[in-house]
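Listed below are the residues making up each chain.
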Amino acid sequence: MLRHIKQQFLEEAQNWILWLPVFFGLGIGLYFALSFEPTSGDAIRAITLPVVLLVGLRRWFFLRLVCVALLFAGLGFAVTKIKADVVATDFINTDGQAV
């Protein structure tokens, strides 16, 4: 059973790239789901942690795929934070309520 699932997963390899915008969007959604305004350091960590893990997990193919997904989610999060900083708009006020 597990071998069949793995075989089906590997046969769909040419379509994996289509999931990258989904993970990017998940990062954007995560930014807006927070009840506080994240710092720029949070955005940097959202990118660097998956990159470090990606380099460190060279031997494990599946874990590298997970790191790529996390990287794209982190990129979506960071791009949203950068855009919020550029337009100088807080989406969350100090009471934790949406503006």
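Whatever comes next refers back to the structure up there.
What you see as residue numbers is a count from 1 along each chain, following the sequence as written. Totals for whole chains, interfaces and linings use all residues, but because this is a predicted model, local features are given only for residues with pLDDT of at least 70 and pairs of side-chain atoms are given and counted only at 80 or more. Just so you know, side-chain values use all the structure's heavy atoms and leave hydrogens and water out.

Looking now at the overall build of the protein. Only DSSP runs of H or I with at least four residues qualify as helices, and only runs of E with at least two residues qualify as strands; both kinds are numbered from the N terminus onward. Scanning the protein from terminus to terminus reveals 4 helices and 0 strands. Mapped from its N terminus to its C terminus, the protein presents α and β elements in the order α-α-α-α. Taken across its 99 residues, the protein has 20% of its residues classed as buried. What makes two residues a contact is simply this: any of their non-hydrogen atoms within 4.5 Å. Pairs at least 24 apart in sequence give 68% of the contacts found in the protein among residues at least 6 apart. Burial classes: relative accessible area under 20% of the type maximum marks a residue as buried, over 50% as exposed, and values in between as partly exposed (1.4 Å probe, protein chains only).

Its place among the elements puts A43 in helix α3 (residues 40-56). Classification of A43 as buried rests on a relative accessible area of 6%. Remark: the alpha-carbon pair of A43 and A78, spanning 35 residues in sequence, is separated by 4.6 Å. Leaving out residues up to four positions away in the same chain, A43 has contacts with F77, A78 and K81.

Further remarks concern the packing of aromatic side chains. Between rings of Phe, Tyr and Trp, where Trp is taken as its six-membered ring, a pair exists when centres lie within 6.5 Å; planes separated by under 30 degrees are stacked, by over 60 edge-to-face, and by other angles tilted. Counted by the stated rule, this structure contains 4 aromatic pairs. Ring centres of Y31 and F32 lie 5.3 Å apart, and the angle between their planes is 90°; on these two criteria the pair is classed as edge-to-face. Residue class for Y31 comes out buried when judged on its relative accessible area of 3%. Here F32 falls in the partly exposed class, since its relative accessible area comes to 45%. Ring centres of Y31 and F77 lie 5.5 Å apart, and the angle between their planes is 70°; on these two criteria the pair is classed as edge-to-face. Of this pair, Y31 sits in helix α2 (residues 20-33) while F77 sits in helix α4 (residues 61-86), and the two are 46 residues apart along the sequence. An aromatic cluster is built from F9, W16 and F61, whose rings are joined through pairwise contacts.

With that settled, consider the nonpolar core. Among buried residues, those of type Ala, Val, Leu, Ile, Met, Phe, Trp, Tyr and Cys that are joined through side-chain atoms within 4.5 Å constitute a nonpolar core. In terms of nonpolar packing, the biggest core is built from 5 residues, these being Y31, A43, F77, A78 and A84. Counting residues per element, this core draws most heavily on α4, which supplies 3 residues. Sequence-distant contacts of A78, that is, excluding residues within four places in its chain, are made with A43 and I47.

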